[in-house]
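Inside the fold
What follows is each chain in one-letter form.
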Amino acid sequence: MIRYALLINPQAQGAYFKDTLSVAQAEFQAVIGDEAIEHKPVGPFHFFHANLSEVQLKQAIRLSFVQGVFQVEADQLIPLDCEADFQLHDDFVFGSKYRGKTNEHLTQLLLNVGLANLPTQNQPINILDPMCGRGTTLLWALRYGLNAKGIEQDVKAVDDIKQSLKKWTKLHRQKHKILEGFIGKANKKGLGKFLEFSTNDQKMRIINGDSRDAATLIKSEKFDLIISDLPYGVQHFTTDKTRNPLAVIDECIPGWKKALKKNGAIVLAFNSYIPKRAELIECFENHGFKAQAFTAPHRMSESIVRDILVLKLPE
Ligand SMILES: C[S@@+](CC[C@H](N)C(=O)[O-])C[C@H]1O[C@@H](n2cnc3c(N)ncnc32)[C@H](O)[C@@H]1O
């Protein structure tokens, strides 16, 4: 075991605000394990020091809050020339900015926590974001070398994603294929319209539709992980224009459950003011899910304290 110092990315504060250290610690423990970590500020820099194996070091480089890694020798920090081996340029995830976008670091955390909850034999890994907006989760999945599918009710999302994919593929000369079509009959409302983007050996598909119709939209396909940043009520309304997304989620769960592999996991970010964590857990437990211990509450504003819930089906 070698002692390393993980430099906390100042950008992570844009995701986790004043709770950056506790969220970072929760992510570290979920992904790396219960190894002791020590917070050491140096001037404006914040580090987590920990003893890590070679495998753990590779995992640590992908933690959502880590900007870089140093080796600790006596009182000296030696910067390591190591970067995560992602598949696409970071512009694909970070480049496009739009209203309602989920913070990119938070999305990476959801993916990391989800992957840590899967048995290692699950390969290749397939991800569903059933309320995917303009695809931050799907694009992160591609960067991780995974396949992903998304459902989004906003008819404009498919075209917006297409425009940004065109921009970044051209700028970064990324070889790719785009396929467009409809699930079911073509229609002017755009329901069931999809866009599929293939690059390297991965594929992502975004489908326009209501997540309550997930079973029809994704047919019998099964996913290892269902990851989503739920509508916050305050900023993003659900299809029913209610402030509380719980009623819609309750209607979505049967379709999501059908789409989840037996040993898979659901990872959700939500505003813990509406619904409360206990209410969201109860809703899923009524459908046979078991809530996992992971929690990472962080205040985003007066009306939003975002938290993360991991759910699995009993074995
Ligand atoms: C917090 S946003 C997700 C943003 C996304 N992660 C991104 O970065 O682009 C929640 C999304 O859920 C969508 N949504 C709400 N109810 C839905 C439903 N019943 N079916 C499909 N999408 C829904 C909203 O339109 C919104 O885009």
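Rules and cut-offs
- Residues numbered from 1 in each chain as written.
- Predicted model: local features only at pLDDT ≥ 70, side-chain atom pairs only at ≥ 80, totals over all residues.
- Heavy atoms only, no water.
- Helix = DSSP H or I, 4+ residues; strand = E, 2+ residues; numbered from the N terminus.
- Buried < 20%, exposed > 50% of the residue type's maximum accessible area, 1.4 Å probe, protein only.
- Near = heavy atom within 4 Å.
- Polar contact = N/O pair within 3.5 Å; in protein donor to acceptor, adjacent residues only side chain to side chain.
- Areas by Shrake-Rupley, 256 points an atom, 1.4 Å probe, with all protein chains shown as cover.
- Nonpolar A, V, L, I, M, F, W, Y, C, P; charged D, E, K, R; others polar.
- Axes fitted to C-alpha atoms, helices over the stretch in contact; angles between N-to-C directions.
- Parallel < 35°, antiparallel > 145°, perpendicular 65-115°, else oblique.
- Left-handed = near helix turned anticlockwise from the far one by under 90°.
- Contact = heavy atoms within 4.5 Å.
- Domains from an automatic or database assignment.
- Buried area = accessible area lost by both parts, 1.4 Å probe.
- Salt bridge = Lys/Arg side-chain N within 4 Å of Asp/Glu carboxyl O.

Considerations on unusual backbone geometry
Omega for the bond connecting Ile274 with Pro275 falls within 30 degrees of zero, at -5°, which places this linkage in the cis form. If you check the backbone angles, Ala74 has positive phi at about 50° while not being a glycine. You can see Ala74 is positioned in the loop between strand 4 (66–73) and strand 5 (76–79). Take Ala74: its relative accessible area is 75%, and that puts it in the exposed class.

Considering the site of the ligand
Surrounding the ligand, one finds 24 residues, the nearest of these being Tyr98, Thr102, Arg134, Thr136 and Glu152. With respect to the ligand, the side chain of Thr136 contributes an N or O atom lying 2.6 Å from an oxygen atom. Within the backbone of Ser211, a nitrogen or oxygen atom sits 2.8 Å from a nitrogen atom of the ligand. Relative to its unbound accessible area of 600 Å², the ligand is 96% covered by the protein chains. Class assignment for the residues of the shell around the ligand results in eight nonpolar, 11 polar and five charged.

Let's talk about the packing of helix 2 (residues 20–31) against helix 5 (residues 104–116)
Packing of helix 2 against helix 5 brings their axes to within 9 Å, and their N-to-C directions diverge by 30°. Classified by the angle their axes make, helix 2 and helix 5 are roughly parallel. Crossing geometry of helix 2 relative to helix 5 is assigned as left-handed. From helix 2, Val23, Glu27, Ala30 and Val31 reach across to helix 5, where they touch Leu109, Asn112, Val113 and Ala116. Taken together, the residues of the contact of helix 2 with helix 5 sort by class into six nonpolar, one polar and one charged.

Re the side chain of Asp224
Mapped onto the secondary structure, Asp224 falls in strand 11 (residues 223–229). Of the polar contacts made by the side chain of Asp224, one reaches the backbone nitrogen of Asn126; its length is 2.8 Å. Looking at Asp224, its side chain comes within polar contact range of the side chain of Lys261, at 3.1 Å.

As for the packing of helix 9 (residues 246–259) against helix 10 (residues 277–285)
It is the contact of helix 9 with helix 10, at a shortest axis distance of 10 Å, that shows an interaxial angle of 35°. Once helix 9 is placed against helix 10, the crossing between them reads as right-handed. Touching Leu246, Ile249, Asp250, Ile253 and Trp256 of helix 9 are Glu279, Leu280, Cys283 and Phe284, all from helix 10. Per-class residue counts for the contact of helix 9 with helix 10 are seven nonpolar, no polar and two charged.

Digging into the domain arrangement of the protein
One can read the domain layout of the protein as domain 1 (2–79) and domain 2 (91–312). Spacing between the C-alpha centres of domain 1 and domain 2 amounts to 27 Å. Between domain 1 and domain 2, the contact holds 15 residues from the first and 18 residues from the second. Here domain 1 and domain 2 share an interface that buries about 1,300 Å² over both sides, 60% of which is from carbon and sulfur atoms. Taken together, the connections running from domain 1 to domain 2 amount to zero salt bridges. Where domain 1 touches domain 2, the interface holds nine residue pairs in polar contact (both at pLDDT 80 or more). If you list the elements that add at least two residues to the side of domain 1 that touches domain 2, you get helix 1 (13–16) and helix 2. For the side of domain 1 that touches domain 2, the element with the highest residue contribution is helix 2, accounting for five residues. Partitioning the side of domain 1 that touches domain 2 into residue classes produces eight nonpolar, four polar and three charged.

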